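Take a look at the letters that make up each chain.
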Amino acid sequence: MGDDDMAGDRPGVPGNPTPAEPTPEEPTTPHPPLPPKPDQSGPRPTTPTGVRSRDSYAAQAQQGDWLTSAQGARLADTDHSLKAGPRGPVLLQDHHLREKITHFDHERIPERVVHARGAAAHGTFVAYGNASSVTKAEFLRKGVETPVFTRFSSVVGSRGSADAVRDTRGFSTKFYTSDGVFDLVGNNIPVFFIQDAIKFPDVVHAAKPQPDREIPQAQSAHDTFWDFVSLHTEATHHTMWQMSDRGIPRSFRTMEGFGIHTFRVENADGDTSLVKFHWKPTAGVHSLIWEEAQMINGIDPDFHRRDLADAIEAGAYPEWELGIQVFPDTADETFEGIDLLDPTKLVPEELVAVQPVGKLTLNRNPSNYFAETEQVAFHPGHLVPGIDVTNDPLLQGRLFSYLDTQISRLGGPNFSQIPINRPHCPVNDMFRDGMHQTAVHSGVAPYKPNTMDGGNPFAADPEDDHTFVDIAQELPESSKERRSPVSFDDHFTQARMFWLSLTPVEQSHLVDAFAFELGKCWDETIRQREVDVLASVDADLAQRVADGLGLTPGKPSTSPAEEAAASPALSQIGKKWPVDGRKVGVVTGAKTDPTNVVAARNRLVEAGMVPLIIAPVGGRIGDVPIERTYLTAASSEFDALVVLDGVDSDPVVDLLLSEAWRHLKFIAIVDDSAAPLEESGVPVSGPGTITGEAVREVVTELKESLEEHRAWSRADV
Ligand code: HDE
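Computed from a predicted model, the values in this text were never measured in an experiment.

Caption draft 1: Representation of the coordination of the iron atom of the ligand. If you check the protein contacts of the iron atom of the ligand, you find one donor only, Tyr402 (OH), at 1.8 Å. Within the secondary structure, Tyr402 sits in helix H10 (residues 393-409).

Spelled out as structure tokens, the structure:
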């Protein structure tokens, strides 16, 4: 039998599944002539940032042009139940009514127990090739392009919760590689709450809404959360990140991602290394301001979801570089005293640089939320040749959990046959039957060894780089026990490192977040206990949080933080980033010169930003459409404001300007627009205020300023 025969990838080879055929575009039975299609030449539905392509609607349409039953019978009426006369009772024999309602009754599946609220997109990943020195993973070979599906999520809230809550975010990518599916299921925070998977139900039960009243939704600002984390101090490092600006990202597009755990990789020569995965957004790492986030949750609960979809729709494709930190695979799995198996620790980039190994571009929105974003099933055990797990006890537990949860969420063991989960390479797994089986398997011998199907499937060659072989690892002699390594005991030093790495304005946000969250706890002993925990991290931090709560910090624990060096890479402030896709509100008034409106729009577009024209009422100014009226404009939608000439004072304009000011947004003023500013109490020449005679001048200066994201010099710290 030749190599080709052994490939085992063709339908019809005994034992192979016949892959479910893609749904045909057209029904197979001939139609009588169809009625003319409805006129679709009218204006297209628009999204806030642009025109939605008709294709995305077309893709949602079902096959054919007729309304049919689930069995394909054409229907003439789906608006009326079958009744004994127009005023009579509904008849049990109404099979269409019963079929329609029965299906509707079962439309919901269990939401994810964590990460229920999410948004996703399709894209591609292109490898730079430099990772091949440490891993033989095919998708990391130079120039290889791999289709991907990435899902972002919050953790605590339920499926309908708001996007801009203070929480950790999930960042999961499914790589459909030619060697099988690889899932990188990470977060936007590089460390985790717990060190051992057995504590996951505890931390999640503590963070979820309290069981008596099922409140608060999607918040950690409540007693049970702080009760748990103040007692379980290994959570401290993660909690510091969550209370920092990282807990309220500006956009999924401006989040870093982290695989958290250390993975073991193997190159083509059989050499192994330990690696940590990082995602670096090309748009920079940016966050919201807490008051702004709270407003957004009321004004636009879909803020992150909308931002991702709109950006892709507008062609501003979100991008990240995948990076790796590489460590020698030593017997103690430790680097410079940092235990690489402890998921509450990171390795500062100043010690080991993050090397970019490829680029992810998200360029297509899902056609159907449920089919794709809801049904996608990630699993850290979806590995490819060249990448393997380590003994991190958190990762080990995840290897059980993700498969297990899909069985109840997706209704059985065949979830990998759902289109979004299907590998893009041949599958010949000998798994048979089960709920929702869609493959029509041929052959009679789904067992091994066999002769009945000619021996198929055949074991792959372990020497072949495309075969998954578990990377061998010698284990030290040990006893069976429930215990963590002593090196896991330091809960505070890296929390202190994080605190020391933040700029003063970031530190003050973190202090305010602790004071806010603990201030929402009813039980004073819980507030006090967390302040005492912070005393083990840093005395200044603990004192400032205590001041906000009217408390006095207790003594540090017997094993407080050791001296720590700052890691400047952990701060989000001080760098410059591209401004592409940033939204700028252009405030106009009844007397604004239309030529200035055109100029502002054109200059902002040329500079890569997205202008949104705001006017007292809707319509057009000259040829320029008005995108927001004084009724629909909200400051939280804009990264900056440009105020044009001829704007009269108005309560809405006052509010827009004063909120933008409080939230450290740049405000650019053209010509004689000082009057509305004075009315709103915004200083005309304060930090982050740009004034100029001409539109060109202020837009140029605005672009340079916005590269720093916010007017940090305005912050009151
Ligand atoms: Fe998860 N996690 N997790 N988790 N996790 C799930 O799987 C779990 C952990 C993460 O967009 C669930 O399909 C355990 C760390 C993301 O679909 C579940 C433990 C990290 C997502 C589950 C962890 C994550 C999940 C719920 C402790 C960052 C969303 C539904 C060992 C590295 C994926 C599902 C998506 C989802 C279990 C810890 C990230 C229940 C037991 C650490 C991004 O299986």
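Next comes the rest of the account.
Caption draft 2: Spatial organisation of the sheet that holds strand E21 (residues 628-629). Pairing is parallel in the open sheet, where six strands are placed in the order E21-E18-E17-E22-E23-E24. For this open sheet the edge positions go to E21 and strand E24 (689-692), each flanked by a neighbour on one side alone. Pairing of strand E17 (residues 583-587) with strand E18 (residues 610-615) involves five bridges; the strand directions are parallel. Paired with Lys583 across the strands is Val610, a residue of E18.

Caption draft 3: Local environment of helix H12 (residues 504-519). The terminal C-alpha atoms of H12 lie 22 Å apart, and with 16 residues this matches the ideal 22 Å at 1.5 Å per residue to within 8%. Counting buried positions along H12 yields 12 of 16 residues, so the element is predominantly enclosed. Inspection of H12 places Val505, Glu506, Gln507, Ser508, His509, Leu510, Val511, Ala513, Phe514, Ala515, Glu517 and Leu518 among the buried residues, and these make up the whole buried set. Against the buried residues of H12 lie helix H5 (223-231), helix H6 (236-243), helix H11 (493-501), helix H13 (524-535) and helix H14 (539-549).

Caption draft 4: Inspection of the side chain of Thr592 at higher detail. If you trace the backbone, Thr592 turns up in the loop between E17 and helix H15 (594-606). Discounting chain neighbours no more than four positions away, the residues touching Thr592 are Val597, Leu644, Asp645, Gly646 and Val647.

Caption draft 5: Structural detail: the nonpolar core. Among the nonpolar cores identified, the biggest contains 51 residues, and Phe193, Trp226, Met240, Leu510, Phe514, Leu541 and Val545 are the most heavily contacted of them. Going through the elements one at a time, helix H4 (200-207), H5, H6, H11, H12, H13 and H14 are the ones with two or more residues in this core. In terms of domain composition, this core takes at least three residues from each of domain 1 (118-421) and domain 2 (490-575). Among all residues touching Phe193, those that are not within four sequence positions of it are Thr168, Val203, Phe225, Val229, His232, Glu234, Ala235, His238, Thr239, Gln242 and Thr344.

Caption draft 6: Broad picture of unusual backbone geometry. In this chain, Lys448 is followed by Pro449 through a cis amide linkage whose omega measures 0°. Its location among the elements puts Pro449 in the loop between strand E16 (440-441) and H11. The linkage connecting Asn456 with the following residue, Pro457, adopts the cis geometry, with an omega of 0°. Assignment of secondary structure puts Pro457 in the loop between E16 and H11. With a phi close to 60°, His115 is a non-glycine residue in the positive phi region. Secondary-structure assignment places His115 in the loop between helix H3 (95-105) and strand E4 (118-127).

Caption draft 7: Region of interest: H14. Those residues of H14 that sit buried are Leu541, Ala542, Val545, Ala546 and Leu549. Here the buried residues of H14 occupy an arc of 125° about the axis, which is enough to place them on one side. Structural note: H14 exposes Ala539, Asp547 and Gly548 on the side pointing more than 90 degrees away from its buried face. Packing partners of the buried residues in H14 comprise H6, H11, H12 and H13. The opening residue of H14 is Asp538, an N-cap whose side-chain oxygen sits 2.9 Å from the backbone nitrogen of Asp540. Once H14 ends, the next one or two residues include Gly550, with phi positive near 70°.

Caption draft 8: Summary view of the pairing of strand E23 (residues 666-670). Buried residues dominate E23, accounting for five of its five residues. Of the two faces of E23, the one lined by Phe666, Ala668 and Val670 and the one lined by Ile667 and Ile669 are each fully buried. With four bridges joining them, strand E22 (residues 640-643) and E23 adopt parallel strand pairing. Across the sheet, residue Val643 finds its bridge partner in E23, namely Ile669. Strand direction decides the pairing type here: E23 and E24, joined by four bridges, are parallel.

Caption draft 9: Representation of the UniProt feature "active site" (unreviewed entry) in the protein within the structure. UniProt annotation of "active site" (unreviewed entry) refers to His115 and Asn187 when read in the numbering used here. Spatial clustering of the annotated residues is evident: they stretch over 73 residues in sequence, but the largest pairwise C-alpha distance comes to 10.4 Å. Mapped onto the secondary structure, Asn187 falls in strand E7 (residues 180-187). Apart from the residues within four sequence positions on either side, Asn187 is in contact with His115, Thr168, Arg169, Gly170, Phe171, Phe192, Glu256, Gly257, Phe258 and Ile260.

Caption draft 10: Molecular detail of the domain arrangement of the protein. Along its sequence, the protein is organised into domain 1 (118-421), domain 2 (490-575) and domain 3 (583-714). Using only C-alpha atoms to locate each centre, domain 2 and domain 3 end up separated by 37 Å.

Caption draft 11: How the structure looks around the confidence of the model for the protein. Residue-level pLDDT values for the protein average 91, and 91% of them are 70 or greater. Low pLDDT, under 50, characterises residues 1-32; the predicted model gives this stretch 49 contacts beyond four residues in sequence or across chains. This model gives residues 40-60 a pLDDT under 50, and the stretch forms 29 contacts once residues within four places in sequence are excluded.

Caption draft 12: Region of the structure containing the pairing of E17. Taking burial as the measure, the five residues of E17 include five buried ones, the bulk of the element. A crossover connection joins E17 to the parallel E18 through H15; in handedness this β-α-β unit is right-handed. Bridge analysis of E17 against E22 gives four bridges, and the strand direction is parallel. Residue pairing for E22: Val586 is matched across the bridge by Val642.

Caption draft 13: Quick look at the site of the ligand. Arg112, Arg151, Ser401, Tyr402 and Gln406 are the nearest of the 24 residues found near the ligand. His115 places a polar side-chain atom, nitrogen or oxygen, 3.4 Å from a nitrogen atom of the ligand. Within the side chain of Arg398, a nitrogen or oxygen atom sits 3.4 Å from a nitrogen atom of the ligand. The set of elements that each furnish at least two residues to the shell around the ligand consists of strand E6 (169-177), E7 and H10. Counting residues per element, the shell around the ligand draws most heavily on H10, which supplies six residues. Each residue belonging to the shell around the ligand can be placed in one class, and the counts come to 11 nonpolar, 10 polar and three charged.

Caption draft 14: Layout of the packing of H15 against helix H18 (residues 695-706). Two elements in contact, H15 and H18, have axes whose closest approach is 9 Å; the angle formed by their N-to-C orientations is 30°. Between H15 and H18, the interaxial angle falls into the category roughly parallel. In this structure, the crossing between H15 and H18 has a hand that is right-handed. Mapping the contact onto sequence places Asn596, Ala599, Ala600, Arg603 and Leu604 in H15 and Val695, Arg696, Val699 and Leu702 in H18. Partitioned by chemical class, the residues of the contact of H15 with H18 number six nonpolar, one polar and two charged.

Caption draft 15: Spatial organisation of the UniProt feature "binding site: heme" (unreviewed entry) in the protein. The positions UniProt marks with the feature "binding site: heme" (unreviewed entry) are Arg112, Arg151, Phe200, Arg398, Tyr402 and Arg409. Leave out the neighbours within four places in its chain, and Arg112 touches Arg151, Thr373, Glu374, Val376 and Arg409. The class for Tyr402 is partly exposed, based on a relative accessible area of 22%.

Rules and cut-offs
Residues numbered from 1 in each chain as written. Predicted model: local features only at pLDDT ≥ 70, side-chain atom pairs only at ≥ 80, totals over all residues. Heavy atoms only, no water. Donors = N, O, S within 2.8 Å, 3.2 Å for Na, K, Ca; no water. Helix = DSSP H or I, 4+ residues; strand = E, 2+ residues; numbered from the N terminus. Pairing = 2+ DSSP bridges. Expected span 1.5 Å × (residues − 1). Buried < 20%, exposed > 50% of the residue type's maximum accessible area, 1.4 Å probe, protein only. Contact = heavy atoms within 4.5 Å. Core = buried A, V, L, I, M, F, W, Y, C linked by side-chain atoms within 4.5 Å. Domains from an automatic or database assignment. Arc of directions from axis to C-beta. Polar contact = N/O pair within 3.5 Å; in protein donor to acceptor, adjacent residues only side chain to side chain. UniProt positions renumbered as here; feature names shortened; annotations may be inferred. pLDDT = per-residue confidence, 0-100. Right-handed = clockwise from strand over helix to strand, strands pointing away. Near = heavy atom within 4 Å. Nonpolar A, V, L, I, M, F, W, Y, C, P; charged D, E, K, R; others polar. Axes fitted to C-alpha atoms, helices over the stretch in contact; angles between N-to-C directions. Parallel < 35°, antiparallel > 145°, perpendicular 65-115°, else oblique. Left-handed = near helix turned anticlockwise from the far one by under 90°.

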